[in-house]
Amino acid sequence: MADMDNQGRENRTALDGDDEDRDFGLEDDSGAVIAAVGRQIKLWREAAGLRAAELGTAIGYSENLVFKVEGGRRIPKPEFLDRTDDVVGAGGRISAMKKDVEEARYPKKVRDLTKLEAEAVELGAYAGVVIHGLLQTEEYARALYRERRPAYSEDDIDRLVSARMARQVVFDRRPAPLLTFVQEESTLRRRTGGRMVLRRQLEHLLELSQLRHVEIQVMPMEAEEHAGLGGSHQVLKLKDGKTVGHNEVQLISGLIINPREVQILEMRYNLLRSQALTPRLSREFIEKLLGET
């Protein structure tokens, strides 16, 4: 038993990481990629005999932005790379880095979770504090990140929102995975971002609930039985038959692979689904909330 407990702690230590929006790029591989791309751009610019201001003028960007990109402090957009490639005569070598830059645009924790979601044949998630990330509109996600403290810059927020939206490709996968969500009623009432942002979010939930491979259930505040009081979590069943969990608390977001712990999360989630409103009643509940908002 002690060996099993020790193994569980090792699994969590190996896989747990900071929340996707706590630190993005400075300590994971994405920061190294962006820094390397910046150095290459600077080398090509200098080899072409151009000052940063001259390159900026030629490609339609400010000198300050060129310095930030070269210093690894700003992620270049695809058009920045393409235009720079043309101006310095890199022969496609700078443009070829677009794929690496695009992957590095998102925090490593998000990329890892996205890969798991891409392998899932079934995903079940309970969200007790905010609307689940896979269900969020861009406006709602942006409002959430603007509330975080310490405050993020607008560039940081853009990156994090893009990362969150990128995960939603899971809805378009074919063959379609079964995606089920249990959403706490309080999260559907809180006017994050204001009334219109919440209205659009509720409309979005109703749109997603019409998809045949998506089921959204509401856990009403009046429910006396509640198996999810330990916090938000999700369970993913993968193509190879394995099941993993994902757990979130303040500042920590980590994968759970210990079979015993995954079994506990799965048991709790199944209980939550039985305690929540049915998908049909949940749609009616959300429609009622929308009418009141």
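Residues numbered from 1 in each chain as written. Predicted model: local features only at pLDDT ≥ 70, side-chain atom pairs only at ≥ 80, totals over all residues. Heavy atoms only, no water.

Asks: Just checking my understanding: could you explain helix H5 (residues 78–88) for this structure?
Replies: Of the residues making up H5, those classed as buried are Phe80, Leu81, Thr84, Asp85 and Val88. The buried residues of H5 occupy an angular sector of 130° when projected down its axis, which confines them to one face. Directly beyond the C-terminal end of H5, a positive phi value near 70° is found at Gly89. (Buried < 20%, exposed > 50% of the residue type's maximum accessible area, 1.4 Å probe, protein only. Helix = DSSP H or I, 4+ residues; strand = E, 2+ residues; numbered from the N terminus. Arc of directions from axis to C-beta.)

Asks: Is there a simple way to think about the packing of helix H8 (residues 138–146) against helix H9 (residues 154–166) in this case?
Replies: Two packed helices can be described by the angle between their axes and the distance between those axes. One way to put it is that H8 packs onto H9 with a least axis distance of 9 Å and a crossing angle of 135°. With respect to H9, the element H8 is oriented oblique. As H8 runs across H9, the sense of the crossing is right-handed. Across from Glu138, Ala141, Arg142, Leu144, Tyr145 and Arg146 in H8, the residues of H9 making contact are Glu154, Ile157, Asp158, Leu160, Val161, Arg164 and Met165. By residue class, the composition of the contact of H8 with H9 is seven nonpolar, no polar and six charged. (Axes fitted to C-alpha atoms, helices over the stretch in contact; angles between N-to-C directions. Parallel < 35°, antiparallel > 145°, perpendicular 65-115°, else oblique. Left-handed = near helix turned anticlockwise from the far one by under 90°. Contact = heavy atoms within 4.5 Å. Nonpolar A, V, L, I, M, F, W, Y, C, P; charged D, E, K, R; others polar.)

Asks: How should the nonpolar core be read in this particular structure?
Replies: Generally speaking, nonpolar side chains in soluble globular proteins are found buried as a group. Core analysis: the biggest nonpolar cluster contains 31 residues, and Leu135, Phe171, Phe181, Leu188, Leu202 and Leu205 have the highest contact counts within it. When residues of this core are traced back to their parent elements, those giving at least two are strand S2 (120–127), H8, strand S3 (178–184), helix H11 (195–209), strand S4 (214–219), strand S5 (233–238) and helix H13 (279–292). Among the elements that line this core, the one with the most residues is H11, at six residues. In contact with Phe171, not counting residues within four places along its chain, are Leu134, Leu135, Leu179, Phe181, Leu208, Leu211, His213 and Val214. Core analysis: the second largest hydrophobic core is formed by 18 residues, Leu55, Ile75, Phe80 and Val101 among them. (Core = buried A, V, L, I, M, F, W, Y, C linked by side-chain atoms within 4.5 Å.)

Asks: Help me understand the confidence of the model for the protein in this model?
Replies: Caution applies to low-pLDDT regions: their predicted coordinates should not be interpreted in detail. Averaged over the protein, the pLDDT score is 86; the fraction of residues at 70 or greater is 86%. Counting contacts from residues 1–27, a segment whose pLDDT is below 50, to residues more than four positions away or on other chains yields 44 contacts. (pLDDT = per-residue confidence, 0-100.)

Asks: Mind showing me how you'd approach the environment of Glu139 here?
Replies: With respect to the secondary-structure elements, Glu139 resides in helix H8. Taking relative accessible area as the criterion, Glu139 reaches 45% and is therefore assigned partly exposed. Residues Glu139 and Gln201, 62 residues apart in the sequence, show an inter-C-alpha distance of 8.3 Å.

Asks: Would you take a moment to explain the pattern of salt bridges for this structure?
Replies: Any two side chains of opposite charge can pair if their charged atoms end up close together. In the structure shown here, the tally under the stated rule is 17 salt bridges. Here Glu117 and Arg167 are joined by a salt bridge, their closest N and O atoms 2.7 Å apart. Taken together, the residues Glu117 in helix H7 (residues 108–119) and Arg167 in the loop between H9 and S3 connect sequence positions 50 residues apart. Taking the relative accessible area as the measure of exposure, Glu117 reaches 1% and is therefore buried. (Salt bridge = Lys/Arg side-chain N within 4 Å of Asp/Glu carboxyl O.)

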